[in-house]
Amino acid sequence: MCRIGAIKSLDFVHPSMALQLMQSQQKGHDNSGFAMVMHDLGGIFENYKKLPTLSMAATDEGVRLAEDILHEAGFQRVLQWVPETNPQPGLDINAMPNYVFETFDYPKHLRNGEKKEQEDLLLDMRLKLREALEPNEEGFVYSFWPDVVTLKEIGDPRDIGTYFNLWQPDDKFTARVITAQCRQNTNYDIVRYAAHPFHLQGYTALANGENTFYLKNVEFQRKLHRGYIGFESDSQCFLYTLHYVHHELGWPLRYYKHVVTPLPFEEIEQREDREQLKAIRQSLAHLEINGPNTIIGVLPDHSMFTCCDAKKLRPVVIGRDEKTVVISSEVCGINEVLPERDWETDIYPNEREIVAIGNDLEVQRWKQ
Amino acid sequence: METMRVQDVTPNDLPWKIRYDASRCTLCGSCVSACSFRAIEAKVERRRMVFSESELPEPKARFSAVPVIRQVKSVKNYCRGCGICEKVCPNDAIRPERNPDTRHPIVTRCLGGDSIKRGGRKNLESTVRTLDKIRVGRISQMTDPSLDAQRHTFDLLAPFGRILPPQKLPLGVGPEGLLRTEGSTPPVRWIYPVVIGDMSIGALSWRMWEAVAMATAYLNEECGLPVRMCSGEGGVPVRLLKSRYLKYMILQIASGHFGWNRIAKAMPHMIEDPAGVLIKIGQGAKPGDGGLLMAQKVAEHIQAIRGVPKADLLSPPNHQGLYSIEESVQKMFLSFNAAFKFRVPVAIKVAASSTSVSVFNNLVRDPYNIVGGFFLDGIDGGTGAAHEVSLDHTGHPIVSKLRDCYLAAVAQGRQGQIPLWAAGGLGKTGDLAADAFKMIALGANGVFSGKLILQMAGCVGNDQGRCNACNTGLCPVGITTQEPPLVHRLDPERVAQNIVNYFLAMDTELKKLMAPIGNSSLPVGRSDALVATDRAVADKLQIQYVC
C-alpha cells in the first residue's frame, strides 16, 4: 500500500523534510522505493525558473542519446547538477549509473515564443527521449519542465536518502513544494516509471489507493491526449484526468472532483447546477474512479490540493503552521515534521470536498 | 386388414405425444375445453374384453364403448406441449410428453407446402451459452474493499440519448469560477439499465400489454426504479398517449409505421414527452425480415389503434426510402428529433450482424450528434411470429457483437457517446441480473428484454420447442392472443405484480454483483472484472482466461 505526502512552504525546504515525513509512515508502505517531484525550486535552480530542467536516470549511453536529441532540437544546456552520491556497501538501492538534472535554454526560435508552443515542445521532447531510451532501458526520463525536478529510485527510502545525501539539509537542492511517495512496487512488477508522483506539463499527482475503473480510464485516456501514455500504475490515470479537466478543458479545479467522484444522480437532481453536472457525468463517465483513494495534486502555478474517494475509504490529513502546510496519509508524518503546530487545526477532508492550498498558504475547502 | 398408410399423420410424427391415463380420468372435460390448439378431443373407444365365468376357460367377449381423451392427429391442430391440460386436470390424468422421434419439421413442410412459422426463440440445441462461460472473477478484497450491497448506495442508471464528447460540451466558465451552459446539448435520459423490450399491442393481448404498462408505472412511481417500456411497433392506446405515464414509454416506429397516425394526432394533447423514440430497423430473432402480425390476431381494437383492416399485417423488411446509413441519420432521426422539438432522445434498433460495427461506426461518427442509442439485438431474441428457418438459422450472437461495437468505440475514443443497449436471449436461464451485469462489463450501457417479460407473466414457452405458438393467436395463457376467452385467463394485476417483483429481485442481484467488484456506479466496459473459462471466448472478448 502507498503512503503519500506533500509539503508546501513559504520558504524553500530540503527533501530531508520529505524523507522524515515519509519515514514515520514506513509501516504503511513496503519500503520498495522513493519518488519525489519538487516544484518552485530554490538553491541552484532558483535563477532558472523559466527554463526547463530535465530529470533523468540513465546509463552513459542513455545520457549521450538524450543530450544528442536535445541538442539536435536546438536546446542549449545552461546548468548541470549531478547529485553527489554516497555508494556505501550494503545500501538497499537499485541505482542507475547517472542521475541527470540539466537545465536547458529553449531553441532560439522559441525563446520568445508562445507559451503553448514551448509547452508542446517540452512534452514532445520528453516523449521522444522516453521512446529513444526505452528499448534497452538506457534511461528513464521523468520530467522536462521549468521549475520542476523529479527523483525516483528503487530501494529502501532510507538508503536512497543516504545514497543521494538527502538526509543532510543544505540550501542547494530545495523547493517550496515537494511531493513524495515511498513505494516503487506496483501490484505486478517493479518498474521505475510506475512510481508516483507523476508529472505532466506542470501538473503533478500522487495517490494512495486503487482505481477500480483503471481499465475504463486507460481506454478513454489513450485517445484524449498524446501525453497520456505509460499507464504503468493505475494512479497515472488521476494525473491525466487532472491535466485533461484543468488544462485541456480549462475547467476550474473544483470540477476535477465532479469528474473523478461524481455525485449520485439523486443528489445531482437536487442541485441548481444539475445541467452542468449531468453533462460532466455523461461525457466524462469513463474518467470516474470509483475506488478507494486519496489524491494529492500540484498545479502549474504551484498551488496544491488533495481530495478523497467518495466513500472515504482512504485517509488523508492536512496539518499546518504559519509557514508550511503538510499533507500526509498518516498524521504521524506531520507530527514528525511539524511537531509544534496546533493539531486542532488539522483537517481531515471529507469524501465530498477538495482542500486547496494557495501560494500564500491559504487553505480553502470546496464542497463538491 | 386394410393396407397401412404410412403417410398418415399419427401422434408419433408430432413433436409432443399426449400421455393419458383413462383409469384416473373423471371425464370432466376441462382439458379439452382448455386446450386452445384443439389438439385433444373427446372420443369414444371401442373396447373388447375377454373373460371366462367358469372354472375352465370358456372365453367370452364383451364389447363396450368407452369415452376417452385422444390426441388429434393433425399438423394443424397438433399438441404444442404447453401443458395446460395437465394444469387443469384435477387428477393428473393427462400430460404432454416430448417426442424425441418427431417428424414434424418434415411432415409439416410436406403436407403444407409452406414454411413453418412460429413464435419464441431459436430452438436449436446449442452448447453452453457464452455468458455462462464468463464469471465475475475480479473480487475486491484487502486494499480495495468490497462494498456492502445493503448499506452502500448504488447508481444503477444508464443513459438513453446522444452524449457529446467532453471537448464539445457547451460549457464556459462564469465570473464566479463556475461552469455555465452556453449552448444546447442533445437530450439524455438516465434510466434503469434494463428496458422492457419492444412488444407491440397486437403481438400481445390488451391485458398483457396493459399489465406491462402497469408494472412499468408502479416500478417508477412506487419503487423508485426508472424502468422504461418500449411500445413495440403498433401504436399506443390514446388514453396512455394523453396521460402523464407517457413519460415511461419509449415509442417505437418500424417499417410498417403502424400506430403512428394516432400518435401523431395525439401529439397536441400530450402532457408529457415520451421517454424516447426507438426506430426499429431490424430484430435479432428474424433479421432481414419485417414484422408479422397474422390476421387472426388483428382484433377490432388492434384495427382501431393501427388503422388497418383485418388482414395479415406485414412490416416490410426495410424502411422504404431509406437506402443508406446517412439517410437514416438525416431523414429519420432528424424528423423524429424534430417531431418532439429535440427534447426526446431517438435511438435505433438493429439486428446483430457481421456488419454491425460498420453501421455503429457510421452512426458514432455522424456530425449531427443525434443518434441517441444503438440497440443491438442478437439471434437468441424472441418474436411473436417468424418463419422458423429465420428464427433458427439467421442472426448473430449478441455477446461478441456487443463487445466488438464497444471496442470499436474505444478505438476511436468515442465510448459512451452512443449508448449501447444489448438484447437477444438475455435472461434465457431466468437470471437476467447476471446476464445484464456481464454485458455491461463488456461494454453495454444497458440491456433490453422481451421474452423474459412474457415468462414472468406466465408464458410457458421455452427454447426446447415448448409452445412457441405466439403466432397462432391461440396463446394458451392469454399473453399473445386477442381471443377474449383466452385473454381472460390472464390476470393483469398478477402479471404486473410478477414483473415488479422480478425487477426488485433483479435490482438486489445487480447490487450483489456490483458490491464485490467495489463499484457503486455501473461498471460499463470494465471487462477486467470478468474472466472466462473458455479460451476461445476469452480471446474473442479480450478478457482473462481462467481454468
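For every chain, the first residue of the written sequence is number 1, and numbering continues from 1 onward in sequence order. Just so you know, chain letters begin at A and ligand numbers begin at 1, following the order they were written in. Note on the predicted model: pLDDT of at least 70 is required for a residue's local features to be given, and 80 or more for side-chain atom pairs to be given and counted; whole-chain, interface and lining totals, by contrast, use all residues. Based on all heavy atoms of the structure, the side-chain values leave hydrogens and waters out of the count.

**Some remarks on the overall build of chain B**
Consideration 1: Across its full length, chain B holds 16 helices and 23 strands.
Consideration 2: What the globule rule says is 2.2 Å times the number of residues to the power 0.38, and the radius of gyration is computed from C-alpha atoms. By the compact-globule yardstick of 24 Å for 547 residues, chain B fits well, its C-alpha radius of gyration being 27 Å.
Consideration 3: With respect to the principal axes defined by its C-alpha atoms, chain B has extents near 115 × 60 × 40 Å.
Consideration 4: Relative to its 547 residues, chain B shows a buried fraction of 56%.
Consideration 5: Taking as baseline every contact in chain B between residues at least 6 positions apart, the subset at least 24 positions apart corresponds to 76%.
Consideration 6: The protein chains shown are the only cover counted for residues, whose accessible areas, like all others here, come from Shrake-Rupley with a 1.4 Å probe. When the accessible surface of chain B is totalled, it reaches about 23,500 Å², and 52% of it is carbon and sulfur.
Consideration 7: His is not counted, nor are the chain ends, whereas Lys and Arg count as positive and Asp and Glu as negative. All charge positions are set by atom: Lys at NZ, Arg at CZ, Asp at CG, Glu at CD. In chain B, 65 side chains carry a positive charge and 50 a negative one; their mean positions are 2 Å apart. Under the DSSP-based scheme used, a helix requires at least four consecutive residues in state H or I and a strand at least two consecutive residues in state E, with every element numbered from the N terminus. In this scheme, a residue with accessible area under 20% of its type's maximum is buried, one over 50% is exposed, and one in between is partly exposed, where area comes from a 1.4 Å probe on protein chains only. The criterion used for residue contact is that any of the two residues' heavy atoms lie within 4.5 Å.

**Describing the interface of chain A and chain B**
Consideration 1: In this assembly, 35 residues from chain A lie in contact with 42 residues from chain B.
Consideration 2: Here chain A packs against chain B, burying approximately 3,200 Å² in sum over the two surfaces, 59% of which is carbon and sulfur.
Consideration 3: Using a 1.4 Å probe, buried area is obtained as the accessible area two parts lose upon being combined, added over both of them. The largest share of the area that chain A buries against chain B comes from E219, F265 and Q282 of chain A, three residues that together contribute 17% of it.
Consideration 4: In the sections that follow, a salt bridge refers to a side-chain nitrogen of Lys or Arg positioned within 4 Å of a carboxyl oxygen of Asp or Glu. Summed over the shared surface of chain A and chain B, the number is one salt bridge.
Consideration 5: Of the charged contacts in the structure, one is a salt bridge between R281 of chain A and D155 of chain B, with a shortest N-O distance of 2.5 Å.
Consideration 6: Distance and chemistry together define a polar contact, namely a pair of N or O atoms within 3.5 Å, with one atom able to donate a hydrogen and the other to accept it when in protein, and with adjacent residues in sequence counting only for side-chain atoms on both sides. Between chain A and chain B we count 17 residue pairs in polar contact (both at pLDDT 80 or more) in total.
Consideration 7: Among the elements of the structure, α5 (214-221), α7 (254-260) and α9 (274-283) of chain A are those that each provide at least two residues to the side of chain A that touches chain B.
Consideration 8: Here the element with the most residues in the side of chain A that touches chain B is α9 of chain A; it accounts for eight residues.

**A look at the nonpolar core**
Consideration 1: As used here, the term nonpolar core means buried Ala, Val, Leu, Ile, Met, Phe, Trp, Tyr and Cys residues forming a set that is joined through side-chain atoms within 4.5 Å. Of all hydrophobic cores here, the largest spans 133 residues; its most connected members are M208, F374, M439, I479 and F503 of chain B.
Consideration 2: Counting contributing residues per domain, this core is built from domain 1 (11-52 + 59-114) and domain 2 (133-545) of chain B, each supplying no fewer than three.
Consideration 3: The residues contacting F503 of chain B, other than those within four sequence positions of it, are Y192, V194, I196, L219, L225, V227 and I453 of chain B.
Consideration 4: Counting residues in hydrophobic clusters, the runner-up holds 61 residues, among them I7, M36, I160 and Y163 of chain A. These domain boundaries are the output of an automatic or database domain assignment.

**A look at the domain arrangement of chain B**
All names here are of chain B.
Consideration 1: Here the domain parsing of chain B yields domain 1 (11-52 + 59-114) and domain 2 (133-545).
Consideration 2: Of note, the centres of domain 1 and domain 2, computed from C-alpha atoms alone, are 41 Å apart.
Consideration 3: Across the boundary between the two partners, domain 1 contributes twelve residues, which contact 16 residues of domain 2.
Consideration 4: Between domain 1 and domain 2, roughly 1,000 Å² of surface is buried when both sides are summed, and carbon and sulfur atoms account for 52% of that area.
Consideration 5: Summed over the shared surface of domain 1 and domain 2, the result is zero salt bridges.
Consideration 6: Residue classes follow a fixed rule: Ala, Val, Leu, Ile, Met, Phe, Trp, Tyr, Cys and Pro count as nonpolar, while Asp, Glu, Lys and Arg count as charged, and any other residue, Gly among them, counts as polar. Along the lines of polarity and charge, the residues of the side of domain 1 that touches domain 2 split into five nonpolar, four polar and three charged.

**Topic: the pattern of salt bridges**
Consideration 1: Applying the stated criterion across every chain yields a total of 50 salt bridges over all chains.
Consideration 2: Residue E67 of chain A is joined to R77 of chain A by a salt bridge in which the shortest nitrogen-to-oxygen separation is 2.9 Å. Of the two residues, E67 of chain A is situated in helix α2 (residues 60-72) and R77 of chain A in strand β4 (residues 76-81); the sequence distance between them amounts to ten residues.
Consideration 3: Its salt-bridge partner being D463 of chain B, residue R121 of chain B comes within 3.2 Å of it at the nearest N-O pair. Note that R121 of chain B is positioned in the loop between β5 (117-120) and β6 (134-136) and D463 of chain B in the loop between α13 (451-457) and α14 (484-487), a separation of 342 residues in sequence.

**Description of the UniProt feature "binding site: [4Fe-4S] cluster 2" (unreviewed entry) in chain B**
Residue and element names in this part refer to chain B.
Consideration 1: UniProt positions are given in the numbering used here, feature names are shortened, and annotations may be inferred rather than shown by experiment. Under the UniProt annotation, "binding site: [4Fe-4S] cluster 2" (unreviewed entry) lies at C79, C82 and C85.
Consideration 2: Mapped onto the elements of the fold, C79 is located in the loop between β3 (60-71) and α2 (84-88).
Consideration 3: Not counting chain neighbours up to four residues away, the residues in contact with C79 comprise P15, W16, I18, A39, Q71 and P96.
Consideration 4: By the element assignment, C82 lies in the loop between β3 and α2.
Consideration 5: Excluding its chain neighbours within four sequence positions, the residues that come into contact with C82 are F37, V460, R466, C467 and P476.

**Overview of the packing of helix α9 (residues 356-364) of chain B against helix α11 (residues 398-411) of chain B**
All names here are of chain B.
Consideration 1: Every angle, taken between N-to-C directions, lies between 0 and 180 degrees, and every axis is a line fitted to C-alpha atoms, over only the stretch in contact when it is a helix. Across the interface, α9 lies against α11 with an axial gap of 9 Å and an inter-helix angle of 35 degrees. For the pair α9 and α11, the crossing hand works out as right-handed. Here α9 contributes S356, V357, F360 and N361 to the contact with α11, which in turn contributes K401, D404, C405, A408 and A409.
Consideration 2: When the residues that make up the contact of α9 with α11 are grouped by side-chain class, the tally is five nonpolar, two polar and two charged. Definitions for this section: a left-handed crossing has its near helix turned counterclockwise from the far helix by less than a right angle. A right-handed crossing has that turn clockwise.

**As for unusual backbone geometry**
All names here are of chain A.
Consideration 1: Cis geometry marks the peptide bond from H196 to P197, where omega comes out at 15 degrees.
Consideration 2: For P197, the location among the structural elements is in the loop between β8 (175-181) and β9 (198-200).
Consideration 3: Positive phi outside glycine occurs at F231, with the angle close to 55 degrees.
Consideration 4: Position of F231 relative to the elements: it lies in the loop between α5 and α6 (236-248).
Consideration 5: Given a relative accessible area of 6%, F231 falls into the buried group.
Consideration 6: Of note in this structure, N290 is not a glycine but carries a positive phi near 60 degrees.

**Looking at helix α12 (residues 432-441) of chain B**
Residues and elements named next belong to chain B.
Consideration 1: Burial analysis of α12 places ten of its ten residues in the buried class, which makes it a mostly covered element.
Consideration 2: All of the buried residues along α12 are L432, A433, A434, D435, A436, F437, K438, M439, I440 and A441.
Consideration 3: In the stretch just after α12, G443 is the one whose phi turns positive, near 130 degrees.

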